[in-house]
Amino acid sequence: MRIEASSISAQNEKHLKVHQRNFDFLTQNLSEKGCDVEQIVQKLSNFQVAIPSWALGAGGTRFGRFSFHGEPSSLEQKIDDVGLIHALTQTAGAISLHIPWDIPSDYTQIKQHASSLGISFDAVNSNTFQDQKNAKESYKYGSLSNTSKNVRQQAIDHNIDVIKIGEKLGSKSLTVWLADGANFPGQSNFQTALQHTQDSLKQIYRALPEDWKMFIEYKPYEPNFYSTVIQDWGTSFMLANECGEKAYTLVDLGHHLPNTNIEQIVSTLMYKGKLGGFHFNDSKYGDDDITVGSIKPYALFLIFNELVYGMENNPQNPDLAWMIDASHNIKDPLEDLIQSLEAIQEAYAKALLIDQDALRKAQENNDVTKCQEMLQEAFRTDVRPLIQQSRLKSNGALHPLEVFRTLKVREELIHERGKNTVATGL
Ligand code: PSV
Ligand code: MN
């Protein structure tokens, strides 16, 4: 199924008058405060977030999995799903593949298919947290950190294969997330595990094409519950520095212990030019992978405030790779992803309202009350007309979720694909 621009604009017709009124009202208010509304709308239009191929099927938990039917059962269909989200939101122009879940059989055809939908290939992700069928070695006790040289070599080779697959697709980065760690005290020698991981990452780094980046993700716990080799941003940062200038830290919002000040981590990494990418999701307790902005929208806004500051003031930091990394246990993944994209755009738009120079001045003067007021004033502004305007300009939907339902997208997908298809992924 494809959604034509004409059916989106027909749906937009119904809301145009109200949208114009809201947008004009907000534009006037913001302009009086010195905001450049046109520039903000342009920045929102330019902002693209990759959709992970593994988030298009039902996620499930270790207790069960409930299908919502019509899941994509091939890479082509996963790209179709991202195409649907992108047609509606104009914000999801890329897909991030996980290997070996998504190995293309015909590269030329898959590239043509993606580009016909305006979709490019973002970071490729390696998988050394599961054993693959017929694999010689097992990752039960780790991959890049394993005590066995043969296991480490298999994991290194896999990452190099993933780079080769990504090259054929036009990807420009590799994301490495390791489940390596220990479940019990005493199980692992921390220093040896770290040393092995560093050596293995350096070997993968050497295979990286000139114009590629390597992103090193960290996570405090799960699936190992006592220790994780790359447990925090400091370890990732240290490893990225050891590897070289093309290696960066990747921040996944769910990979922090409760109440961690993620905005400060973001700021430190950008200051050092080492923040490479971002995985968006939200959580209440752990790596819950739920809809972005559903639990802590203010924290997300504070993170975006630092990102905006960094994007304007840290030329030493490269452009960031944005991706949603969520799991959909009970909601339709496409609806959930649309909600996440909206929440990301909202936090970004609110952060763009902050007058960074004025904030700096208030900070220099230690005017704490004013600093807080400035942030909260921006956060309390309803910026949705700005996001809608940016979508309208790019032929997206004013109300993507409503159009998704009005056009009966899920029903159509079930009709095309059948009820019991299952997407690859976790
Ligand atoms: C791990 O929890 C993670 O966030 C990594 O990004 C993985 O690649 C992804 O989830 C999918 O398992
Ligand atoms: Mn992640």
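Since the model is a prediction, treat every value here as computed from it, not as a measurement. (Residues numbered from 1 in each chain as written. Chains lettered and ligands numbered in written order. Predicted model: local features only at pLDDT ≥ 70, side-chain atom pairs only at ≥ 80, totals over all residues.)

1. Concerning the overall build of the protein
The secondary structure content of the protein amounts to 16 helices and 10 strands. Once the C-alpha set of the protein is aligned to its principal axes, its extents read approximately 65 × 60 × 40 Å. Split into buried and exposed, the 426 residues of the protein put 46% on the buried side. Contacts in the protein between residues at least 24 apart in sequence constitute 79% of all its contacts with a sequence separation of at least 6. (Helix = DSSP H or I, 4+ residues; strand = E, 2+ residues; numbered from the N terminus. Buried ≥ 20, exposed ≤ 12 C-beta atoms within 10 Å, placed from the backbone. Contact = placed C-beta atoms within 7 Å.)

2. A look at the environment of Leu250
Looking at where Leu250 falls in the secondary structure, it is placed in strand E8 (residues 247-252). When near neighbours in sequence (up to four residues on either side) are disregarded, Leu250 contacts Thr175, Phe215, Ile216, Glu217, Gly276, Gly277 and His279.

3. Quick look at the pairing of E8
Burial analysis of E8 places six of its six residues in the buried class, the great majority of the element. Neither face of E8 is exposed, since Ala247, Thr249 and Val251 on one face and Tyr248, Leu250 and Asp252 on the opposite face are all buried. Chirality of the crossover, the property in question, places the unit of E8, helix H9 (residues 262-271) and strand E9 (residues 275-280) among those that are right-handed. (Right-handed = clockwise from strand over helix to strand, strands pointing away.)

4. A look at helix H3 (residues 37-46)
Ile40, Val41 and Leu44 are the residues of H3 that are buried. Taken around the axis of H3, the buried residues stretch over an arc of 100°, which confines them to a single face. Relative to its buried face, H3 has exposed residues pointing more than 90 degrees away, namely Glu38, Gln39 and Asn46. Where the residues of H3 are buried, they touch helix H11 (333-352) and helix H14 (384-393). (Arc of directions from axis to C-beta.)

5. Remarks on the site of ligand 1
The environment of ligand 1 is formed by 10 residues, the closest being Asn125, Trp177, Glu217, Asp252 and Asp325. Of the residues belonging to the shell around ligand 1, the class tally is three nonpolar, two polar and five charged. (Near = placed C-beta within 6 Å. Nonpolar A, V, L, I, M, F, W, Y, C, P; charged D, E, K, R; others polar.)

6. Some words on unusual backbone geometry
Between Ile99 and Pro100 the backbone carries a cis peptide bond, its omega angle lying at 15°. For the bond running from Glu222 to Pro223, omega is 10°, close enough to zero to count as cis. On the secondary structure map, Pro223 appears in the loop between strand E6 (213-217) and strand E7 (227-228). Unusually for a residue other than glycine, Lys408 sits at a positive phi of about 50°. By the element assignment, Lys408 lies in the loop between helix H15 (400-406) and helix H16 (409-417). Among the residues examined, Lys408 registers 12 C-beta atoms within 10 Å and is labelled exposed.

7. Re the pairing of strand E3 (residues 120-125)
Judged by how many residues are buried, E3 sits mostly within the fold: five of six residues are covered. Strand direction decides the pairing type here: strand E2 (residues 94-98) and E3, joined by four bridges, are parallel. By the bridge assignment, Leu97 is partnered in E3 with Val124. Between E3 and its parallel partner strand E4 (residues 173-176), the chain crosses via helix H6 (residues 149-169), and the hand of that crossover is right-handed. (Pairing = 2+ DSSP bridges.)

8. Considerations on H6
Note on helix geometry: an α-helix contains 3.6 residues per turn, so any two residues three or four positions apart are oriented the same way. For H6, spanning 21 residues, the distance from its first C-alpha to its last is 31 Å, which sits close to the expected 30 Å at 1.5 Å a residue. Every buried residue belonging to H6 is among Val151, Arg152, Ala155, Ile156, His158, Asn159, Val162, Ile163 and Gly166, and all of these are buried. Buried residues in H6, looked at end-on, bunch into an arc of 155°, giving them a common side. What points out from H6, more than 90 degrees from its buried face, is the exposed set Lys149, Asn150 and Lys164. Of the surrounding secondary structure, the elements contacted by the buried residues of H6 are E3, E4 and helix H7 (190-206). The positive-phi residue at the C-terminal boundary of H6 is Gly170, with phi of around 95°. (Expected span 1.5 Å × (residues − 1).)

9. A few points about the packing of helix H2 (residues 16-32) against H14
Here H2 crosses H14 at 120°, and the two axes come no closer than 9 Å. The angle between H2 and H14 places the two elements in the oblique class. Crossing hand, H2 versus H14: left-handed. Contacts from His19, Asn22, Phe23 and Leu26 of H2 reach H14 at Pro385, Leu386, Gln388 and Gln389. Residues belonging to the contact of H2 with H14 are distributed by class as follows: four nonpolar, four polar and no charged. (Axes fitted to C-alpha atoms, helices over the stretch in contact; angles between N-to-C directions. Parallel < 35°, antiparallel > 145°, perpendicular 65-115°, else oblique. Left-handed = near helix turned anticlockwise from the far one by under 90°.)

10. Some thoughts on the nonpolar core
Generally speaking, a soluble globular protein has its nonpolar side chains buried in company with each other. Counting 107 residues, the largest nonpolar core has Leu88, Ile95 and Ile216 as its most contacted members. Of the residues forming this core, the biggest block, 11 residues, is contributed by H11. Every residue in contact with Ile95, bar those within four places of it in the chain, is listed here: Ala50, Ile51, Ser53, Lys78, Ile79, Val82, Ala114, Ile119, Phe121 and Asp122. (Core = buried A, V, L, I, M, F, W, Y, C linked by C-beta atoms within 7 Å.)

11. With respect to the packing of helix H10 (residues 297-313) against H11
One way to put it is that H10 packs onto H11 with a least axis distance of 8 Å and a crossing angle of 55°. In terms of orientation, H10 lies oblique with respect to H11. Classified by chirality, the crossing of H11 by H10 is right-handed. Between H10, through Pro297, Leu300, Phe301, Phe304, Asn305 and Val308, and H11, the contact on the second element is made entirely by Ala343, Ala347, Tyr348, Lys350, Ala351 and Leu352. Class assignment of the residues belonging to the contact of H10 with H11 gives a composition of 10 nonpolar, one polar and one charged.

12. Observations concerning the environment of Lys370
Relative to the assigned elements, Lys370 resides in helix H13 (residues 368-380). In sequence terms Lys370 and Leu359 are 11 residues apart; their C-alpha atoms lie 8.2 Å from each other.

13. Thoughts on the environment of Arg391
With respect to the element layout, Arg391 can be found in helix H14. On the basis of neighbour counts, which here come to 26 C-beta atoms within 10 Å, the residue Arg391 falls in the buried class. Once the C-alpha coordinates of Arg391 and Tyr205 are considered, the two residues, 186 residues apart in sequence, prove to be 38 Å apart.

No statement about biological role is implied by the geometric values presented.
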